[in-house]
Structures are given as C-alpha cells and as structure tokens.
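# Coordinate analysis (summary)
Now for the letters of each chain:
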Amino acid sequence: MQGPVGIFPIPAGLFKEKKMEENKNLSEEQLAEREAELDRREEELNQRERKLSTLDEKVIGAKENLYSHINVSLKTMNIVVAVLAVILVVCIVVGIITR
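Notes on the structure in this doc start here. (Residues numbered from 1 in each chain as written. Predicted model: local features only at pLDDT ≥ 70, side-chain atom pairs only at ≥ 80, totals over all residues. Heavy atoms only, no water.)

### Describing the pattern of salt bridges
Charged atoms that come close allow side chains of opposite charge to pair. For the structure shown, the criterion picks out 5 salt bridges. In this structure, Arg50 and Glu43 form a salt bridge, with 3.4 Å as the shortest nitrogen-oxygen distance. By relative accessible area, Glu43 is classed as partly exposed at 38%. A salt bridge links Arg48 to Glu44; the shortest N-O distance between them is 3.2 Å. Here the residue Arg48 and the residue Glu44 both occupy positions in helix α2 (residues 28-67), the gap between them amounting to 4 residues, near one helical turn. Taking the relative accessible area as the measure of exposure, Glu44 reaches 29% and is therefore partly exposed. One salt-bridge network, in which partners are shared between bridges, spans Glu37, Arg40, Arg41, Glu44 and Arg48. (Salt bridge = Lys/Arg side-chain N within 4 Å of Asp/Glu carboxyl O. Buried < 20%, exposed > 50% of the residue type's maximum accessible area, 1.4 Å probe, protein only. Helix = DSSP H or I, 4+ residues; strand = E, 2+ residues; numbered from the N terminus.)

What follows is the structure, encoded as structure tokens:
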C-alpha cells in the first residue's frame with residue numbers, strides 16, 4: 001500500500017518506521033508526555049465529533065420542522081431548494097455578464 005499519490009509516491013510504512021526510530025531514542029518520561037498529548041488530542045477530537053453530531057441533529061430537526069408544513073419528503077424539498085439556488089446563481093451571472 002502506498003502513501004499520498006503524486007510525483008514521488010511514499011511507501012505507507014515509511015513514516016511509521018521513522019516514528020518508531022524516534023521513539024526508541026526517547027526516555028520513558030518523554031514517551032509518557034507524548035502519550036498524554038495523544039490522549040488529550042484524541043479526547044479533543046471526540047468532543048468535536050460529539051459537538052458536530054449534535055449540531056447535525058439540530059439542523060436536520062429544524063429542516064424537518066420547517067418542511068412538515070408542506071406535504072413533500074425531505075429529499076424532494078432539498079432538491080427543490082438546490083434547484084432554486086442554482087437558478088439564482090445563474091440569474092446573477094447573466095445579470096453581471098449583460099450589464
């Protein structure tokens with residue numbers, strides 16, 4: 001398996017091997033600090049993920065409440081809104097070009 005594709009492909013294990021070599025040269029205290037830092041970052045990422053999922057649930061709930069007055073599915077209403085947005089952008093572009 002390879003790393004990022006580009007001009008110079010990088011083998012997937014290259015960075016892992018370098019990190020392991022760096023970790024061999026570290027003391028127990030430094031390794032504990034790095035592990036604590038990784039745990040802190042992981043907890044921070046988990047908090048952000050929970051926050052985003054809560055926000056996503058709120059947005060979906062708001063859309064469903066808004067669309068509940070119209071007898072159309074959520075997917076259909078999303079398509080209608082997207083089409084209206086595209087029409088608006090096209091009108092603005094045509095207005096700018098013909099000005």
